[in-house]
Amino acid sequence: MNDMIVLNDVTKSFLSDRSIKDKDGKPHWFTAVEPTSLTIKQGEIFGLMGYSGAGKSTLLRLINMLERPDSGQVVIDGTDLTTLSASELRIARHNIGMIFQQFNLMSNQTVFDNVAFNLKISGYPSRDIHKRVMDCLAIVDLTDRAGHYPAQLSGGQKQRVGIARAIAPSPKVLLADEPTSALDPATTRSLLTCLRDINEQLGVTIVIVTHEMSVIRRLCDRAALLHQGQLLEVADVRDGLIQATTPIGKGLVVED
Ligand SMILES: Nc1ncnc2c1ncn2[C@@H]1O[C@H](COP(=O)(O)OP(=O)(O)OP(=O)(O)O)[C@@H](O)[C@H]1O
């Protein structure tokens, strides 16, 4: 399989609280992602896991450049996003869908319009939008909810709308930031099945941030184990077990 996502020595720091100064009196920069290199293959389902503050969400957001790395390269399907102009980056992002823990739906828009929105801004032909929205709602089993508003949906249904919205422009990569954290165990299971089906049917590469070991075990092919901004190791997931080898990694994996 081709390399779909290649991170080459990416780093990311944030300016700390203004009250925290370095010894020389200058503002303190906190390193959220230490130099990290990672390759994710086309069609993989890849997890990012680690304790709170490990840098999982920041690393995920580097992949679509919602966070711009301080250094290093972010290569998606052969294109280094760090070299693109703002308008080129906007176009390249059509290849990268994203879903969020809190769904981020527009509450004053129907399910149909929430999904159509992404197509409109990606320049999808107007005459084809209706069919594409309904096809995507069928994939997530929400055809009968097209005219509903988000407030009329359960959490699991809202996340399915988020998935339909993300896959509508036919991205090659789907990023998921704690997509099941707000859901109960049964709804989580059905959402993971939905993500697995999308991966198998559409061939979309999925990168998922989660602190739930069971999500990694059920869904992922491999997972990066992160600790305090560092990539400890990339572990295979075989027979429902995360094959960690480093001492901290092994500790993370039995934490559930
Ligand atoms: N925009 C920001 N400004 C300042 N600090 C930030 C910013 N974003 C993240 N950080 C810091 O970077 C570190 C890593 O944050 P990140 O959200 O990536 O971790 P995480 O592993 O996803 O944690 P969690 O599981 O709690 O969401 C944290 O210490 C966080 O406070």
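Above this note sits the structure.
Just so it is clear, the model here is predicted, and its values are computed rather than measured.

(A) Representation of the site of the ligand. Within the structure, the ligand sits among Phe14, Phe30, Ala32, Tyr51, Ser52, Gly53, Ala54, Gly55, Lys56, Ser57 and Thr58. Here Ala54 contributes a backbone N or O atom positioned 3.0 Å from an oxygen atom of the ligand. Take Lys56: an N or O atom from its side chain is 2.8 Å from an oxygen atom of the ligand. Coverage of the ligand by the protein chains reaches 59% of its 630 Å² of free accessible surface. Where the shell around the ligand is concerned, the elements lending two or more residues are β2 (29–41) and α1 (56–63). Residue contributions to the shell around the ligand peak at three residues, all from α1.

(B) Quick look at the nonpolar core. Counting residues in each nonpolar core, the largest one holds 48 residues, and the members touching the most others are Met49, Val133, Leu137, Ile163 and Ile242. Once residues lying within four places of it in the same chain are set aside, the contact partners of Ile242 are Met49, Met213, Ile216, Arg217, Ala235, Asp236, Val237 and Val253. Within the second largest apolar cluster, 29 residues are counted, among which are Ile5, Val33, Met65 and Val207.

(C) Quick peek at the packing of helix α5 (residues 155–167) against helix α6 (residues 185–202). One way to put it is that α5 packs onto α6 with a least axis distance of 10 Å and a crossing angle of 15 degrees. As summarised for this structure, α5 and α6 are arranged roughly parallel, according to the angle between their axes. Helix-helix and strand crossings are classified by hand; for α5 and α6 the assignment is right-handed. Here Gly156, Gln159, Arg160, Ile163 and Ile167 of α5 lie close against α6, whose contacting residues are Thr187, Ser190, Leu191, Cys194, Leu195, Ile198 and Leu202. Along the lines of polarity and charge, the residues of the contact of α5 with α6 split into seven nonpolar, four polar and one charged.

Thresholds applied
Residues numbered from 1 in each chain as written. Predicted model: local features only at pLDDT ≥ 70, side-chain atom pairs only at ≥ 80, totals over all residues. Heavy atoms only, no water. Near = heavy atom within 4 Å. Polar contact = N/O pair within 3.5 Å; in protein donor to acceptor, adjacent residues only side chain to side chain. Areas by Shrake-Rupley, 256 points an atom, 1.4 Å probe, with all protein chains shown as cover. Helix = DSSP H or I, 4+ residues; strand = E, 2+ residues; numbered from the N terminus. Core = buried A, V, L, I, M, F, W, Y, C linked by side-chain atoms within 4.5 Å. Buried < 20%, exposed > 50% of the residue type's maximum accessible area, 1.4 Å probe, protein only. Contact = heavy atoms within 4.5 Å. Axes fitted to C-alpha atoms, helices over the stretch in contact; angles between N-to-C directions. Parallel < 35°, antiparallel > 145°, perpendicular 65-115°, else oblique. Left-handed = near helix turned anticlockwise from the far one by under 90°. Nonpolar A, V, L, I, M, F, W, Y, C, P; charged D, E, K, R; others polar.

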